[in-house]
Amino acid sequence: MSAAAAPHLKIEQVTKRFGETEVLKDISLSIPKGAFVALLGPSGCGKSTLLKIIAGLEAPSGGSVHLGGQSLDGVPAYKRDIGVVFQSYALFPHMTVNDNVRFGLDMRAMPKAEAATRVGEALELVKLGGYGERMPSELSGGQQQRVALARSLAIRPRLLLLDEPLSNLDAVLRKSVRVDIRELHERVGATTVMVTHDQEEAMSMADTVAVMAEGRILQLGTPEAIYERPATRFVGGFVGNPPASLVRALKRFEGGWLFGDTIWRPEDRLAARMDRFNRVDLVVGLRPERIAIVAPDAPGALRAEVRSSEYLGGGRLVHLDLGGQKIAVEAAGAAPKTGTSVGLMPDAGAVMLFDAETGVRLERE
Ligand SMILES: Nc1ncnc2c1ncn2[C@@H]1O[C@H](COP(=O)(O)OP(=O)(O)OP(=O)(O)O)[C@@H](O)[C@H]1O
């Protein structure tokens, strides 16, 4: 491998135990220079622990971490040249914005004039030039988070780690800071690893997403790949807003599948796909935005009963009962009446088929 192609951050077979509990199980991940990677997973899956191991705030039980080709084994956190932004922005309340941003530079005993230039540059980067003399209490939550980012960037880190950077912000600010951080990444190109449990954040900000569960990486890929081709039922049911509905189907006869107490005869091409696996039991993943509501007796439609609907501004999310299983469908126009039967016509190309036992997606490329 040429030096240029070597990964900037390389995590190899990292494990972590706390007493008897193994919270990270054989994690390997290679991240090229300039990438923005999100570690996405539910609470407790080990993503913060992995971030702390990279930062040097926790030691791994096994495996290794290399940055820029150099082993970080035994290198203390402050010597790693890694910038970390935590969810609580942890600004010093009694210090001005300038002094907060300069903090890491003072720790490195940088000459005053050079430090002042760096502070100015970092505040410009986060669009807070002119705010240097303010106290943190005179800034909004989003601005405070940007000061925390500037503080991390001022040291020109080899790696930027973001631990749930938006979770202390309200819903509106969260969306604008999300765009700010992404645009900052486009301009600065700092290699970034962000931890989040919010799939929308991960999918919209990062260019590579690592979906984690129970101490393992289940899938690593672009947001598009993870959305279009989830490796497992867990990933399909975790990403997407709202995520895919996962319904269990039992084969009744060639071309006829039972969902609870409802028989479905999918259109020929889809029926052939489903029959091909010669299984009696499948989990079918259906994306709410890839299903049309049609007449209940339309050929190839699934029959379901409307339970409720939510108005979402641009459309509605209709919740239905499919032979005792839940399914959600995005619909434009008026809400279908609760209690009525409708037909659901999935876009055959977007139907995902999973092994009911292992959860692994069938038809993997
Ligand atoms: N210092 C510790 N001692 C013992 N157990 C710990 C310690 N730190 C974390 N754990 C446990 O390790 C598991 C993973 O924790 P971690 O914080 O990495 O998860 P997470 O995916 O970041 O979750 P969250 O989003 O809730 O922070 C959890 O079960 C947690 O209780």
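A quick note: this is a predicted structure, and the numbers were derived from the prediction, not measured.

Side-chain positions along a regular strand alternate between the two faces of the sheet. Burial along strand S15 (residues 291-294) is one-sided: the residues Ile291 and Ile293 are buried and none of Ala292 and Val294 is. Inspection of the sheet shows S15 paired to strand S19 (residues 341-346) by four bridges, in the antiparallel sense. Looking across to S19, one finds that isoleucine 291 is bridged to proline 346.

Attention now goes to the site of the ligand. By nearness alone, every residue bordering the ligand is listed as Phe18, Val23, Gly41, Ser43, Gly44, Cys45, Gly46, Lys47, Ser48, Thr49 and His197. The element best represented in the shell around the ligand is helix H1 (residues 47-55), accounting for three residues. Among the residues making up the shell around the ligand, the classes are represented as three nonpolar, seven polar and one charged.

Our next topic: the sheet that holds strand S12 (residues 256-259). Pairing within the open sheet is antiparallel, and its five strands lie in the order S13-S12-S11-S14-S20. Edge strands, defined here as strands with exactly one partner in the open sheet, are strand S13 (262-264) and strand S20 (352-355). Geometrically, the sheet is characterised by an average inter-axis angle of 40 degrees between neighbouring strands, direction not taken into account. In this structure, strand S11 (residues 245-253) lies alongside S12, joined through three bridges in antiparallel fashion. By the bridge assignment, phenylalanine 253 is partnered in S12 with glycine 256.

Now for the sheet that holds strand S6 (residues 82-85). The six strands are arranged S6-S7-S8-S3-S9-S10 in an open sheet whose pairing can be described as mixed. Each edge of the sheet is formed by a strand with only one pairing partner; in this case those strands are S6 and strand S10 (216-221). Looking at each pair of strands side by side, their axes are set apart by 20 degrees on average, direction ignored. Taken together, the five bridges between strand S9 (residues 208-213) and S10 define a ladder with antiparallel strand orientation.

Before going further, it helps to examine the domain arrangement of the protein. Note: interface size is frequently given as the accessible area lost on complex formation between the parts. As assigned here, the protein comprises domain 1 (9-231) and domain 2 (245-355). Centre-to-centre separation of domain 1 and domain 2, based on C-alpha positions: 40 Å.

Looking along the chain, the bond that leaves asparagine 241 and enters proline 242 is cis, with omega of -5 degrees. Along the chain, proline 242 turns up in the loop between helix H8 (233-236) and S11. Phi is positive for aspartate 81, close to 60 degrees, though the residue is something other than glycine. Within the secondary structure layout, aspartate 81 lies in the loop between strand S5 (70-71) and S6.

Right, let's get into the pairing of S11. As judged from the six bridges shared by S11 and strand S14 (residues 281-286), these two strands associate in the antiparallel manner. Pairing of serine 245 across the sheet is with leucine 286, part of S14. Here S11 folds back onto S12 in antiparallel fashion, the turn holding two residues, of which glycine 255 has a positive phi close to 80 degrees.

Once that is clear, we can look at the packing of helix H2 (residues 97-107) against helix H4 (residues 141-154). Between H2 and H4, whose axes approach to 7 Å, the crossing angle comes to 30 degrees. What the angle tells us is that H2 and H4 run roughly parallel. When you trace H2 past H4, the crossing you get is right-handed. Within the contact between the two elements, H2 uses Val97, Asn100, Val101, Phe103, Gly104 and Leu105 and H4 uses Val147, Ala150, Arg151 and Ala154.

This part covers the environment of alanine 206. The residue alanine 206 is located in the loop between helix H6 (199-205) and S9 in this model. Distance in space between the C-alpha atoms of alanine 206 and methionine 194 is 8.1 Å, their sequence separation being 12 residues. Here alanine 206 is in contact with Phe36, Val37, Ala38, Met194 and Pro223, once residues within four sequence places are set aside.

Of all residues in the protein, 98% attain a pLDDT of 70 or more, and the chain-wide mean is 91. In the predicted assembly, ipTM is 0.94 and pTM is 0.89.

Relative orientation of the contacting elements helix H3 (residues 112-125) and H4 amounts to 135 degrees, with a least axis distance of 9 Å. By the angle between their directions, the pair H3 and H4 is classed as oblique. As H3 runs across H4, the sense of the crossing is right-handed. Side by side, H3 and H4 meet where Arg118, Val119, Ala122, Leu123 and Leu125 of the first sit next to Ala150, Leu153 and Ala154 of the second.

Conventions used here
- Residues numbered from 1 in each chain as written.
- Predicted model: local features only at pLDDT ≥ 70, side-chain atom pairs only at ≥ 80, totals over all residues.
- Buried ≥ 20, exposed ≤ 12 C-beta atoms within 10 Å, placed from the backbone.
- Helix = DSSP H or I, 4+ residues; strand = E, 2+ residues; numbered from the N terminus.
- Pairing = 2+ DSSP bridges.
- Near = placed C-beta within 6 Å.
- Nonpolar A, V, L, I, M, F, W, Y, C, P; charged D, E, K, R; others polar.
- Axes fitted to C-alpha atoms, helices over the stretch in contact; angles between N-to-C directions.
- Domains from an automatic or database assignment.
- Parallel < 35°, antiparallel > 145°, perpendicular 65-115°, else oblique.
- Left-handed = near helix turned anticlockwise from the far one by under 90°.
- Contact = placed C-beta atoms within 7 Å.
- pLDDT = per-residue confidence, 0-100.

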